[in-house]
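Chain by chain, the residues:
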Amino acid sequence: MESAININNLSVSYRNIEALRGINLNISAGKLTGMIGPNGAGKSTLLKAILGLININNGQVFYNNKALIEQRKIVAYVPQRSQIDWTYPATVWDVVMMGRITKTGWFKRFSNVSKQKALNALEKVEMTPFLNRPIGQLSGGQQQRVFLARSIAQEAEIFCFDEPFVGVDQRTEAIIFNIFHKLAESGKIVLVVNHDLGESITNFDDLILLNKELIAAGNRQEVLKQENLDQAYNGKVMFFNENDYNLAA
Ligand SMILES: Nc1ncnc2c1ncn2[C@@H]1O[C@H](COP(=O)(O)OP(=O)(O)O)[C@@H](O)[C@H]1O
Ligand SMILES: [Mg+2]
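All values reported here derive from a predicted model rather than from experimental measurement.

Participant: Looking at this model, I keep getting lost on helix H5 (residues 140–153). Mind explaining?
Facilitator: Relative to the 20 Å expected for 14 residues at 1.5 Å per residue, H5 spans 20 Å between its end C-alpha atoms, a close match to the ideal helical length. Of all 14 residues in H5, 14 are buried; the element is thus mostly enclosed. Positive phi appears at Glu 155, one or two residues downstream of H5, with a value of about 55°.

Encoded structure:
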């Protein structure tokens, strides 16, 4: 059986603001899935609701027919950059080793296996030379790569990233997309919020288009039909073809 996340009739409100209404959605393993939609569409909220990090009004989230919140150890989550405290006095190595805590447990010594897995993960994102650097002293792109390494070290099955490409250089974007593709190909769930509809969108296999309600989900080209974009962006986005995008004023 192919692994999948199943979301049934999910609704979320913040006090009196309705953020998500009646979302029904399946997210399949083996595909790189992007989540798009305008500012305030509820993208971050949906990610947090899936992961059980916020209260939901209604609905259920299953992974392989079992509540996802009971399987937190297999989930890696990197929040939006603005939600991370970058003054936190941790080195690159500390951050990546945090990914091993679910395997090792708190207050236990890390095994050589854990250290090797952390080193391999750092190698994959090409950040080994920065091992002892405080994360606050890295560029945005380097920081994202470190958090990606942490999630690889965690050996998660579900990878959730909220806008990992904001403020990131092109080289880093290419490195990260390459790893996302490999994770998806190896049967993981990779779910990435990406508000930018530029060329990088063609990296995704599947898309979820959101504006409080689910507008469309599934194959990228199906989702990017003009009628769907009109509905999500109130007619403010024009989409021509895979190599030609234009954002109207
Ligand atoms: N902690 C919060 N308290 C109150 N309202 C919130 C909170 N977080 C988000 N919202 C509101 O919920 C809606 C969806 O927000 P969000 O999920 O952050 O959207 P997106 O990530 O698509 O930009 C917005 O109207 C936002 O203002
Ligand atoms: Mg957001």
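Participant: Sorry if this is basic, but what is going on with the coordination of the magnesium ion (ligand 2) here?
Facilitator: Coordination angles at a metal have ideal targets, namely 109.5 degrees for four tetrahedral donors and 90 or 180 degrees for six octahedral donors. Protein-derived ligands of the magnesium ion (ligand 2) are Ser 44 (OG) and Gln 80 (OE1), with the metal-ligand distances lying across 2.1 to 2.5 Å. One end of the pair, Ser 44, is in helix H1 (residues 43–50); the other, Gln 80, is in the loop between strand E6 (75–78) and helix H2 (92–98), with 36 residues separating them in the sequence. Given a relative accessible area of 15%, Ser 44 falls into the buried group. Given a relative accessible area of 22%, Gln 80 falls into the partly exposed group.

Participant: When you look at the sheet that holds strand E5 (residues 66–67) in this model, what are you seeing that I'm missing?
Facilitator: Sheets are built from strands paired through backbone hydrogen bonds, the pairs being either parallel or antiparallel. Strand order in the open sheet formed by 4 strands is E2-E1-E4-E5, and the pairing between neighbours is antiparallel. The strands lining the two open edges of the sheet, one partner per strand, are strand E2 (17–28) and E5. Sitting on the sheet, H1 is in contact with strand E1 (4–14), E2 and strand E4 (58–63), with an inclination near 120° to E1.

Calculation notes
- Residues numbered from 1 in each chain as written.
- Chains lettered and ligands numbered in written order.
- Predicted model: local features only at pLDDT ≥ 70, side-chain atom pairs only at ≥ 80, totals over all residues.
- Heavy atoms only, no water.
- Helix = DSSP H or I, 4+ residues; strand = E, 2+ residues; numbered from the N terminus.
- Expected span 1.5 Å × (residues − 1).
- Buried < 20%, exposed > 50% of the residue type's maximum accessible area, 1.4 Å probe, protein only.
- Donors = N, O, S within 2.8 Å, 3.2 Å for Na, K, Ca; no water.
- Pairing = 2+ DSSP bridges.
- Contact = heavy atoms within 4.5 Å.
- Axes fitted to C-alpha atoms, helices over the stretch in contact; angles between N-to-C directions.

Just distances and angles here, no functional claims.
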